Amino acid sequence: MLIGEFSHGMDKKNRIIIPSKLREGLGEQFIMTKGLDSCLYIYPKNEWQIFEQKLKSLPLTDKNVRSFVRFFFSGANEMEPDKMGRVLIPQSLLSYAGIDGEVVSVGMMDRVEVWSKEKWEAYNESEMDMDAIAEKMNELGI
């Protein structure tokens, strides 16, 4: 399971270090793509394949399905960290997520989210009504 929050910087070559605790769960190769909420998602290959199969089962005649699939697959990149645990983030993904320096990597069970530090802090400072969210989760059986 991928859990925890880790702050770190990006080097001048647009590389970030994947924290070792997260690297263990991601494996030797993984998929990085655009995520929701203006962050990046990193999936272990097996989780990406599960996600891919779910998307394949959706009807391509539905315009929303096509848009959703395009969103995730157009930005998808197979990654393999170097010996130092670094990966090069493509410019298109950096631009999408607004990453230009400090980043926060967050383990989210089956994936890692990579946020610009500023966006992560803004998200955490936003007015979220956790009581209302908890009620909705209860309706979903959580």
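Below you will find a few notes about this structure.

Counted under the stated rule, the structure contains seven salt bridges. Among the ionic pairs, Asp82 bridges to Arg86, the shortest N-O distance being 2.8 Å. Classification of Asp82 by relative accessible area gives partly exposed; the value is 30%. By relative accessible area, Arg86 is classed as partly exposed at 24%. In this structure, Glu139 and Lys136 form a salt bridge, with 3.6 Å as the shortest nitrogen-oxygen distance. Here Glu139 and its partner Lys136 are both found in helix α6 (residues 130-139), three residues apart, which amounts to about one turn of the helix. According to the relative accessible area criterion, Glu139 is exposed, its value standing at 62%. For Lys136, a relative accessible area of 44% translates into the label partly exposed. It is possible to trace a salt-bridge network through shared partners that takes in Asp110, Arg111 and Glu113.

Helix α3 (residues 63-74) packs onto helix α2 (residues 45-56) with a crossing angle of 155 degrees between their chain directions and a minimal axis gap of 11 Å. When the axis of α2 is compared with that of α3, the two are roughly antiparallel. Considering how the two elements wind past one another, α2 and α3 form a crossing that is left-handed. Of the residues in α3, those touching α2 at Trp48, Phe51, Glu52 and Leu55 are Phe68, Val69, Phe72 and Phe73. In the contact of α2 with α3, the residues fall into seven nonpolar, no polar and one charged.

With that out of the way, let us pick up the layout of surface pockets. Any empty space left between atoms is shown by rolling a water-sized probe over those atoms. Its volume calculated, the largest pocket comes out at about 230 Å³. Among the elements of the structure, β8 (112-116), α5 (117-125) and α6 are those that each provide at least two residues to the lining of the largest pocket. Considering every element that reaches the lining of the largest pocket, the biggest residue donor is α6, with three residues. Of the residues that constitute the lining of the largest pocket, the class distribution is seven nonpolar, no polar and three charged.

A few words now on the nonpolar core. Within the largest apolar cluster, 20 residues are counted, with the highest numbers of intra-cluster contacts made by Ile16, Ile18, Met32, Leu40, Ile42, Ile99 and Val114. For this core, the element with the highest residue contribution is helix α4 (residues 91-97), accounting for three residues. Not counting residues up to four positions away in its chain, the partners in contact with Ile99 are Met10, Leu40, Leu94, Val114, Trp115 and Ser116. By size, the runner-up hydrophobic cluster in this structure holds twelve residues, among which are Tyr41, Trp48, Trp115 and Trp120.

A grouping of Tyr123, Met128, Met130, Ile133, Met137, Leu140 and Ile142 is seen on the molecular surface, where their side chains present a nonpolar patch of about 670 Å² in accessible area. A total of three residues in the nonpolar patch trace back to one element, the largest contributor, which is α6. Within the secondary structure, Ile142 sits in the segment after α6. Looking at Ile142, the relative accessible area reads 73%, which means it is exposed.

Before going further, it helps to examine the environment of Gly27. For Gly27, the position within the fold is in the loop between α1 (20-26) and β3 (30-34). Since its relative accessible area comes to 30%, Gly27 is described here as partly exposed. In sequence terms Gly27 and Val114 are 87 residues apart; their C-alpha atoms lie 17 Å from each other.

Procedures and definitions
- Residues numbered from 1 in each chain as written.
- Predicted model: local features only at pLDDT ≥ 70, side-chain atom pairs only at ≥ 80, totals over all residues.
- Heavy atoms only, no water.
- Salt bridge = Lys/Arg side-chain N within 4 Å of Asp/Glu carboxyl O.
- Buried < 20%, exposed > 50% of the residue type's maximum accessible area, 1.4 Å probe, protein only.
- Helix = DSSP H or I, 4+ residues; strand = E, 2+ residues; numbered from the N terminus.
- Axes fitted to C-alpha atoms, helices over the stretch in contact; angles between N-to-C directions.
- Parallel < 35°, antiparallel > 145°, perpendicular 65-115°, else oblique.
- Left-handed = near helix turned anticlockwise from the far one by under 90°.
- Contact = heavy atoms within 4.5 Å.
- Nonpolar A, V, L, I, M, F, W, Y, C, P; charged D, E, K, R; others polar.
- 1 Å grid on protein atoms, 1.4 Å probe; cavity = no way out; pocket = protein on both sides within 12 Å on 5 of 7 lines; lining within 4 Å.
- Points joined across faces, edges and corners; volume = space filled by probe spheres on them.
- Core = buried A, V, L, I, M, F, W, Y, C linked by side-chain atoms within 4.5 Å.
- Patch = residues over 30% accessible without salt bridge, like charges linked within 9 Å, V, L, I, M, F, W, Y side chains within 5 Å.
- Areas by Shrake-Rupley, 256 points an atom, 1.4 Å probe, with all protein chains shown as cover.

In short, shape yes, function no, at least from these values alone.
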